[in-house]
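Read off the chains here:
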Amino acid sequence: MQVPVVSSRESWKRKKTKSLRKFKDNARGCRSFFTLWSKSLQKIGGNFGGGVQSYFLFLRFLVVLNFVSFLLIAGFVLIPSINACKDHEAFLLLCFLGPKECMDYDPNPQGLVVFYNYFLNLLSGTGFMEYSYLFYGYYNNTTVEDRNFYNIPLAYLFTAIFYFAFCLICIIARSVPERTGSILLIKMQRVCVCVCVRGDLSHLVDLEEESIKKRAAALTLCQKIVLYALRVSMCFGSFGLIIAAFYGIFVATDFSQVNYVKGDGEQGILGLIFQYLPSIVITAGNFLVPLLCDQIALIERYAPSTTVIVALLRAVFLRLVSLGVLLFTLWSQITCAGDTKKKDCTLCQYNYKLYPCWETRVGQEMYKLTLFDLLINIVVLVLVEFPRRMVVDNWSSKLAQWVGRQEFVVPANVLGLVYGQTVVWTGALFCPLLPLINTIKFVLLFYFKKITLFYNCRPALKTFRSTTSTFFFLVVLLFGWGLATVVMVYSLAEIHPSMGCGPFRFFPSMWSIVPTSFYNLSEITQEFLFFIGSQAFSIPLFVLSCVVMCYFITLASVYGKSVAMLRAQLKLVSCWHLPKWCSV
């Protein structure tokens, strides 16, 4: 027997490959050790499936996104603002004395303050909380000249814009692999719709949905007309409930803003309830309206998959547009319904009597929405979910057994996360530390949901597919990001900044800081920026982009053909081994 001779070069290559593979395994293990909640997520996936695990993965993604966003804001806005307060070389960028009425803004309480008012101020964002780095009104219109020239208003604006762009990039970067995975899963299911065990046929075919389709096909023309008329009327009924919820939010916000107290404690708990009234109405609407719409869905008699889709669309529309109604009510009061010629808006171009610092007021509303959402989750966990589990486990009556333990409903919980993140994006321009608050909130929410999942919930009867669900979560999150972007653009370009507070107090709009700072640059820098915006630069860049795009399109088509060939081979192999149960 001849033993193969290995040269020293080949031996060195093998040793190098082996050591490199060992190093990669160690690095992967070290990475999994430092990954946030990796063991908990594995335990959740093993006990409750990939659908529930996808919710917690989505929650971890939002925690990391908010924490990195806070680091971005702290590095470019918070820390320079703190240094500017300590630096003697900091000075006002633009000094302009407007009307005295517009400059009148003093949120600090006068005289002695009762101790419990500090707790009320903490919950409402007024008093000592209002005039702090938490809100827009505390930041000054200053620049710092130490070794470098640092323009705080310009940094504030560009940090907000880059924050939104950074979040969009993270969402898209995360959604692309999820979308690819879901597409591959769907195509793999289409390649081989096989039943390896005949007794497991019910796991792949929804018999209820098939029976509904058969009954729908057997209906007469008159019965179909009655059914479609019933569905249309129920659809109008559900939209009527949603519109009623929107009207309630409008009335509650208008009442809350008119009866607003500046944190002086004259109304105490009653004043706090008035301030939280929009948050209470929004939360109540988000809870009650989907329940009523679920009862309407039983009358509509859709297929189960269609019922789930319709319920999700209604819930997404309700949550996002309810926030839009709140903002619309605030904007209409701040700008006097868009008519700056009215008495209250003529002097300052905004309603200075009701909103001496309107940016801080909007930030306070978003702060209260975030805090109230966390408080509601804690109350539901302590007062609803734990008592329900104790009653079901310790009481053997038919009613308790009929109620049973609750299921962890993935879509409803994810919509709660999307709603909370949309609130943070909306308020980040007016409350710069809101991403940090949301990070703490989501960390606490992770542990709350984990506790209620393992102690209060039972495994779901119908599983939620993790690949398609994660992509759906990110798509809904993009809608929330779009709503918050519209709010930011409108605030930057249309509404006059408050003259008594904030870094843009002496500008006609927040965006005015950009051309003002541009013309303060050196001539060489201005010429360079003009060249970037000229045709001499944009046309070659467009041609180069077209070439690169054509290259990637060609590469994608080649990969697509390779995947199609592999799919065809897999189909042939599958049907060769399972000729009875695989249909091509």
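What you see is a predicted model; the values in this text were computed from it and never measured.

**Quick word on the packing of aromatic side chains**
Here is step 1 of the chain: In the structure shown here, the tally under the stated rule is 27 aromatic pairs.
Here is step 2 of the chain: Note on Y131 and Y138: the rings are 4.8 Å apart at their centroids and 80° apart in plane angle, and the pair reads as edge-to-face.
Here is step 3 of the chain: On the basis of relative accessible area, Y131 is assigned to the partly exposed category, the value being 34%.
Here is step 4 of the chain: Through successive ring pairs, a cluster of aromatic residues spans Y131, Y133, Y136, Y138, Y139, Y156 and F504.
Here is step 5 of the chain: The residue whose ring lies beneath K43 is F454, and the NZ or CZ to ring-centre distance is 5.1 Å.

**Some remarks on the confidence of the model for the protein**
Here is step 1 of the chain: Considering every residue of the protein, the mean pLDDT works out to 79; 80% of them sit at 70 or more.
Here is step 2 of the chain: Model confidence for the protein, summarised as mean pLDDT per element, is weakest for strand β1 (residues 90-92) at 52 and strongest for helix α14 (residues 434-456) at 93.
Here is step 3 of the chain: Counted against residues more than four places away or in other chains, residues 180-205, with its pLDDT under 50, gives 26 contacts.
Here is step 4 of the chain: Predicted confidence for residues 579-584 stays below pLDDT 50, and this span has 12 contacts to residues more than four positions away or in other chains.

**Description of the state of the cysteines**
Here is step 1 of the chain: For the structure shown, the criterion picks out three disulfides.
Here is step 2 of the chain: Here C336 pairs with C345 through a disulfide, and the sulfurs are 1.9 Å apart. The chirality of the disulfide connecting C336 with C345 is right-handed, given an S-S dihedral of about 85°. In this pair, the class of C336 matches that of C345, namely buried.
Here is step 3 of the chain: Left without a disulfide partner, C167 is nearest to the cysteine sulfur of C170, which lies 6.5 Å away.

**Details of the side chain of N66**
Here is step 1 of the chain: The residue N66 is located in helix α2 (residues 38-86) in this model.
Here is step 2 of the chain: Since its relative accessible area comes to 0%, N66 is described here as buried.
Here is step 3 of the chain: Engagement of the side chain of N66 in a polar contact is seen with the side chain of N438, the distance being 3.3 Å.

**Overview of the pattern of salt bridges**
Here is step 1 of the chain: Under the defined criterion, the tally for this structure stands at three salt bridges.
Here is step 2 of the chain: For K368, the salt bridge goes to E365, with nearest N and O atoms at 3.2 Å. Here K368 and its partner E365 are both found in helix α11 (residues 358-394), three residues apart, which amounts to about one turn of the helix. Assigned by exposure class, K368 and E365 land together as buried.
Here is step 3 of the chain: Residue D393 pairs with R405 through a salt bridge whose shortest N-O separation is 2.7 Å. With D393 in helix α11 and R405 in the loop between α12 (398-403) and β4 (406-407), this pair connects stretches of sequence that are 12 residues apart.
Here is step 4 of the chain: When its relative accessible area of 25% is taken as the criterion, R405 is described as partly exposed.

Criteria and cut-off values
- Residues numbered from 1 in each chain as written.
- Predicted model: local features only at pLDDT ≥ 70, side-chain atom pairs only at ≥ 80, totals over all residues.
- Heavy atoms only, no water.
- Phe/Tyr/Trp six-rings, centres within 6.5 Å; stacked < 30°, edge-to-face > 60°.
- Buried < 20%, exposed > 50% of the residue type's maximum accessible area, 1.4 Å probe, protein only.
- Lys NZ or Arg CZ within 6 Å of the ring centre and 35° of its normal.
- pLDDT = per-residue confidence, 0-100.
- Helix = DSSP H or I, 4+ residues; strand = E, 2+ residues; numbered from the N terminus.
- Contact = heavy atoms within 4.5 Å.
- Disulfide = S-S within 2.5 Å.
- Polar contact = N/O pair within 3.5 Å; in protein donor to acceptor, adjacent residues only side chain to side chain.
- Salt bridge = Lys/Arg side-chain N within 4 Å of Asp/Glu carboxyl O.

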